[in-house]
Amino acid sequence: RTVLHYGSLISLNMENARNKFLLSEGFIDTSISIIDFKDSPEDFYSCVFKIIPACQYSTQEKVLEIVENSLTSSSSVKSSVLPLEDSKSIVEIEENLNNEIKSNSDLYNKFRGHPVRYGHQIQLIHVPTHKYLTYLENESSSFERDNF
């Protein structure tokens, strides 16, 4: 019996088909697919994910919102989220962002090597691209509409 640990590298395969694994190219095409390694000698590294604890992203989401609002608003319309010319606010957001990144790094380092427990929230990060595997409950597959 093998126990999963934070920091472990894993691959996901289909239950009844041992040679079929979840694959992502990741850089240009962000979709995931199933590949049969029995028929195709693709690079298995594209199937590797790392288990990490669930991290915090509130400041990163705020920064993305500010950037999106500044890109969509015209130069004469000010963003209601944050006036970008307010240097105090920019410095505060930068500090908060750095603290959030450090906190997430500290959290990973604290849990790394410890077993994953039932009920703990985890994240899977695609090792080659450093992108997160995301499940969107209300979104269906672009290939098979009946599947996620």
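Look up a bit, the structure's there.
Just so you know, the residues in each chain are numbered from 1, in the order the chain's sequence is written. Totals for whole chains, interfaces and linings use all residues, but because this is a predicted model, local features are given only for residues with pLDDT of at least 70 and pairs of side-chain atoms are given and counted only at 80 or more. By convention in this description, side-chain values take in all heavy atoms of the structure and omit both hydrogens and water.

Peer 1: Sorry, what's going on with the packing of aromatic side chains here?
Peer 2: Geometrically, a pair of aromatic rings is defined through the distance of the ring centres and the angle of the planes. When the centres of two rings from Phe, Tyr and Trp lie within 6.5 Å, Trp using its six-membered ring, the rings pair. Their planes under 30 degrees apart give stacked, over 60 give edge-to-face, and anything left gives tilted. According to the stated counting rule, one finds three aromatic pairs in the structure shown. Consider the rings of Tyr6 and Phe111, whose centres lie 5.1 Å apart with planes at 65 degrees: the pair is edge-to-face. Of this pair, Tyr6 sits in the segment before strand S1 (9-10) while Phe111 sits in helix H2 (residues 87-111), and the two are 105 residues apart along the sequence. Exposure classes here rest on a 1.4 Å probe applied to the protein chains alone. A residue is buried below 20% of its type maximum, exposed above 50%, and partly exposed in between. Judged by relative accessible area, which is 3%, Tyr6 ranks as buried. Taking relative accessible area as the criterion, Phe111 reaches 23% and is therefore assigned partly exposed. Ring geometry for Phe21 and Phe44: centres 5.0 Å apart, planes at 85 degrees, overall edge-to-face. With Phe21 in strand S3 (residues 17-24) and Phe44 in the loop between strand S4 (32-36) and strand S5 (49-53), the pair connects residues that are 23 residues apart, well separated along the chain. Helix and strand definitions follow DSSP, with helices as H or I runs of at least four residues and strands as E runs of at least two, each counted in order from the N terminus.

Peer 1: Honestly, unusual backbone geometry in this entry has me stumped. Any pointers?
Peer 2: Excluding glycine, residues mostly have negative phi values, and the peptide bonds linking residues are mostly trans. Look at His130: it is not a glycine, yet its phi comes out positive at around 60 degrees. Position of His130 among the secondary structure elements: in the loop between strand S6 (122-126) and strand S7 (131-132).

Peer 1: Help me out: how do you make sense of the nonpolar core in this one?
Peer 2: The tendency in soluble globular proteins is for nonpolar side chains to be buried as a group. Judged by nonpolar contacts, Tyr6, Ile10, Leu22, Phe49, Ile51 and Leu124 together constitute the single largest core of six residues. Contacts between residues were defined by any pair of non-hydrogen atoms, one from each residue, lying within 4.5 Å. Contacts of Tyr6, omitting those with residues within four sequence positions, involve Ile51, Ile52, Pro53, Phe111, Arg112, Gly113, His114, Pro115, Val116, His120, Gln121 and Ile122. In terms of nonpolar packing, the next biggest core, distinct from the first, is built from five residues, Phe21, Leu23, Ile35 and Phe37 among them. In plain words, nonpolar cores are sets of buried Ala, Val, Leu, Ile, Met, Phe, Trp, Tyr and Cys residues tied together by side-chain atoms within 4.5 Å.

Peer 1: Where do I start with the sheet that holds S4 in this structure?
Peer 2: Within a sheet, adjacent strands bond to each other through the backbone by hydrogen bonds, running parallel or antiparallel. Note on pairing: DSSP must find at least two bridges between two strands before they are called paired. Spatially, S2-S3-S4 is the arrangement adopted by the three strands of the open sheet, whose pairing is antiparallel. Pairing within the sheet leaves two strands with one partner each, and these edge strands are strand S2 (13-14) and S4. Note: S3 against S4, five bridges, orientation antiparallel. Each residue of the ladder has a partner; that of Lys20, found in S4, is Asp36.

Note that all results are geometric; they support no functional claim without further evidence.
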